[in-house]
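# What the coordinates show
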Amino acid sequence: MRICDKRLQQSMNEIKRIAGIIQSIGFECTRCGTCCSAVEPDSNLVMVTPAEIREIMEGSGFSWQEIAKPYPEKISHGADHTYTLGWCIHRIDGNCVFLENSGCRIYQNRPWICRTYPFVLDGDIVRTYPCPGLGREISHKDAMAIAKNLRDRKVAEETDEAKIRAVLQNEKIPPGIFVVIDGEGIHPVPR
Ligand code: SF4
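Calculation notes
Sequence order as written defines residue numbering, which begins from 1 separately in each chain. Thresholds applied to this predicted model are a pLDDT of at least 70 for local features of residues and 80 or more for the giving and counting of side-chain atom pairs; totals over whole chains, interfaces and linings are not thresholded and use all residues. Note that water and hydrogens are dropped before the side-chain values are worked out from all heavy atoms of the structure. Every helix listed is a DSSP run of H or I at least four residues long, and every strand listed is a run of E at least two residues long, numbered separately from the N terminus. The span one expects for a helix is its residue count, reduced by one, times 1.5 Å. When a residue's accessible area, from a 1.4 Å probe over protein chains only, is under 20% of the maximum for its type it is buried; when over 50% it is exposed; and in between it is partly exposed. Residues are labelled near a given molecule or strand when at least one of their non-hydrogen atoms is within 4 Å of it. Note on residue classes: Ala, Val, Leu, Ile, Met, Phe, Trp, Tyr, Cys and Pro are nonpolar, Asp, Glu, Lys and Arg are charged, and everything else, Gly too, is polar. Two strands form a pair only when DSSP identifies at least two bridges running between them. Criterion for a salt bridge: a side-chain nitrogen of Lys or Arg within 4 Å of a carboxyl oxygen of Asp or Glu.

With that settled, the discussion passes to helix α1 (residues 3-25). Residues three or four positions apart in an α-helix share a direction because the helix packs 3.6 residues into each turn. Between the first and last C-alpha of α1 there are 33 Å, a value that for 23 residues agrees with the 33 Å anticipated at 1.5 Å per step. Listed in full, the buried residues belonging to α1 are I15, I18, A19 and I22.

Turning our attention to the site of the ligand. With respect to spatial proximity, the complete set of residues near the ligand consists of C36, V46, C96, F98, L99, C104, I106, P111 and C114. For the shell around the ligand, a count of residues per class yields nine nonpolar, no polar and no charged.

Along its 31 residues, helix α5 (residues 140-170) runs 45 Å from first to last C-alpha, staying within 8% of the 45 Å computed at 1.5 Å per residue. Listed as buried for α5 are A143, M144, I146, A147, N149, L150, D152, R153, D160, I164 and V167.

Attention now moves to the sheet that holds strand β2 (residues 68-70). Spatially, three strands are ordered β1-β5-β2 in an open sheet, and the strand pairing comes out antiparallel. Each end of this open sheet is capped by a strand with a single partner; those strands are β1 (47-48) and β2. With three bridges joining them, β2 and strand β5 (residues 87-89) adopt antiparallel strand pairing. Within the sheet, the bridge partner assigned to K69 lies in β5 and is C88.

We now examine the pattern of salt bridges. Applying the stated criterion across every chain, the model contains seven salt bridges. We note a salt bridge from E28 to R136, for which the minimum N-O separation is 3.7 Å. A residue pair is termed long-range when its members are at least 10 positions apart, and E28 in the loop between α1 and β1 and R136 in the loop between β11 (125-128) and α5 qualify at 108 residues. Exposure remark for E28: the relative accessible area of 42% places this residue in the partly exposed category. Accessibility expressed as a relative area gives 39% for R136, which makes it partly exposed. With a closest N to O distance of 2.6 Å, D122 and R127 form a salt bridge. Judged by relative accessible area, which is 39%, D122 ranks as partly exposed. Connected through shared salt-bridge partners, K148, R151 and D152 make up one network.

Any functional reading would require information beyond the geometric quantities listed.
The following block contains the structure:
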């Protein structure tokens, strides 16, 4: 077996393993919208990478500022440097800016977190967030689709984290202003 065939086979086995766990847990979205809203301050925030923001921009026509705001956790470094790591989707009155009665306005371009909720990969372990849809029967096909998204999300997050580490290593944080550091660089706020 060639190396690329072997990798493909390993990847497929991993997706099947994750899908098996998802099927044993069970899940069906009840469209309650709870995961798209804050249940307490800053809960259920949807973090997004620059690549995800650009995909939403292309699919929706919204601007960067309309889609995302700096992640609210500010980090201070010394007396003069304040930054945050990354972006999250805007909210209005605690609801995601894209939530409407009929569902998600950007469903086709929704972020990884939304595609995979209520599941998350913690290393190799599949964990769940609270959700009324858990425990419901799920088809093998749907479980495989979530499993593939979970695997792809993990790769995307690892790629973004590596880019942020490179930015932190190679660029200087400017003093005296609040900045967002993401995989594309250091940005004064508002961007
Ligand atoms: S982007 Fe869509 S799925 Fe994600 S939190 Fe907002 S409304 Fe919900």
